[in-house]
Amino acid sequence: MKKIFYVVIFAALVLVACNEQKRNVAKIQPVEEQNENDTTIYGVCGENTAMHTIELINGDGDTLQFMLNDEDAEPASEVEGGLLAGDRLAVVATKIDGENIATKVINLTTLQGKWTSVDKNFEIMEDGEVKSNVKAEANPWTSWRILNGRLLLNKDTFDINELGADSMYLENGKGIFVYKRVK
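Residues numbered from 1 in each chain as written. Predicted model: local features only at pLDDT ≥ 70, side-chain atom pairs only at ≥ 80, totals over all residues. Heavy atoms only, no water.

Undergrad: Looking at this structure, I do not really get the nonpolar core. What am I missing?
TA: One recurring pattern in soluble globular proteins is that nonpolar side chains are buried together. Within the largest apolar cluster, 20 residues are counted, with the highest numbers of intra-cluster contacts made by Leu111, Trp144 and Ile146. Contributing elements (two or more residues each) for this core: helix 2 (108–111), strand 8 (121–124), strand 10 (144–147), strand 11 (150–153), strand 12 (156–163) and strand 13 (167–172). Counting residues in each nonpolar core, the second largest holds nine residues, with Ile54, Leu68, Leu89 and Val91 among its members. (Core = buried A, V, L, I, M, F, W, Y, C linked by side-chain atoms within 4.5 Å. Buried < 20%, exposed > 50% of the residue type's maximum accessible area, 1.4 Å probe, protein only. Helix = DSSP H or I, 4+ residues; strand = E, 2+ residues; numbered from the N terminus.)

In structure tokens:
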């Protein structure tokens, strides 16, 4: 009877450990379900990132290198939210002459947090969830993800024009929306 008890306890611990490992892998990407049309590469900014190169460590532990072009080069590299070792990044890249060129880099760590504007007050959470802090809001955002370098808040799609420590500028067909970080 004791052997069965220990086997059951061991199996339960293995299941818990496997589930915890799955949760840690899911944190690399802001959404659980993958879209096969998404060309975005997710990972953590490596310590060897410099002014014109990004070292990205993906969810499998592989290290990828990307070149960053100046704004007058073609294609120009657009970095939103800065590059800090250990931050989670979303990278859209192209390959030119055998070189991986990052065309859009979004710092997901900078993107997360509380944001406010005239009519919105919300928090972008790590797990793909958005919490609205305005109770009377008609259509609050409840989820987020990055798709091909663009921010999707529910079904609303935005280009991230600027992402900084204290402000964020989002643009879609309806206009440009300015948000301030809430401390």
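Undergrad: What's the story with the sheet that holds strand 11 in this structure? I'm lost.
TA: Read from one edge to the other, the open sheet built from eight strands follows the order 9-8-7-14-13-12-11-10, with strand pairing classed as antiparallel. In this open sheet, the two strands that pair with only one neighbour each are strand 9 (130–132) and strand 10. Neighbour to neighbour, the strand axes of the sheet diverge by 35 degrees on average, direction disregarded. Bridge count for strand 12 against strand 13 is four bridges, and the pairing is antiparallel. Following the sheet pairing, Ile160 is matched in strand 13 by Leu170. (Pairing = 2+ DSSP bridges. Axes fitted to C-alpha atoms, helices over the stretch in contact; angles between N-to-C directions.)

Undergrad: I keep staring at unusual backbone geometry and nothing clicks. Help me out?
TA: One can expect most non-glycine residues to show negative phi and most peptide bonds to be in trans. A cis amide bond, omega -5 degrees, links Glu74 with the succeeding residue Pro75. Its identity is not glycine, yet Asp97 carries a phi of approximately 50 degrees, on the positive side. Assignment of secondary structure puts Asp97 in the loop between strand 5 (88–96) and strand 6 (99–107). Look at Asn154: it is not a glycine, yet its phi comes out positive at around 55 degrees. Secondary-structure assignment places Asn154 in the loop between strand 11 and strand 12. The class for Asn154 is partly exposed, based on a relative accessible area of 30%.

Undergrad: How should I be thinking about the pattern of salt bridges in this particular structure?
TA: Applying the stated rule across the entire model yields two salt bridges. Between Lys104 and Glu78 there is a salt bridge, and its shortest N-O distance comes to 2.7 Å. Highlighted residues: Lys104 in strand 6 and Glu78 in strand 4 (residues 78–80), separated in sequence by 26 residues. On the basis of relative accessible area, Glu78 is assigned to the partly exposed category, the value being 33%. For Asp159, the salt bridge is made with Arg150, and the minimal N-O distance between the two is 2.8 Å. For Asp159, a relative accessible area of 30% translates into the label partly exposed. (Salt bridge = Lys/Arg side-chain N within 4 Å of Asp/Glu carboxyl O.)

Undergrad: I tried to follow the pairing of strand 5 on my own but got confused; where do I start?
TA: Residues in a regular strand point their side chains to alternate faces of the sheet. Here strand 1 (residues 41–45) pairs with strand 5 via four bridges, running antiparallel. Directly across from Gly43, in strand 5, lies its bridge partner Leu89. Bridge analysis of strand 5 against strand 6 gives eight bridges, and the strand direction is antiparallel. From the neighbouring strand, Thr94 faces strand 6, where its bridge partner is Ile101. Where strand 5 folds back on strand 6, the antiparallel hairpin that results is connected by two residues, among which Asp97 adopts a positive phi of roughly 50 degrees.

Undergrad: How do you make sense of the pairing of strand 6 when you look at a structure like this?
TA: Bridge count for strand 3 (residues 63–68) against strand 6 is two bridges, and the pairing is parallel. Residue pairing across strands places Met67 opposite Ile101, the latter belonging to strand 6. Where strand 4 lies against strand 6, three bridges are found, and the strand directions are parallel. Each bridged residue has a counterpart across the sheet, and for Glu80 the counterpart in strand 6 is Ile106.

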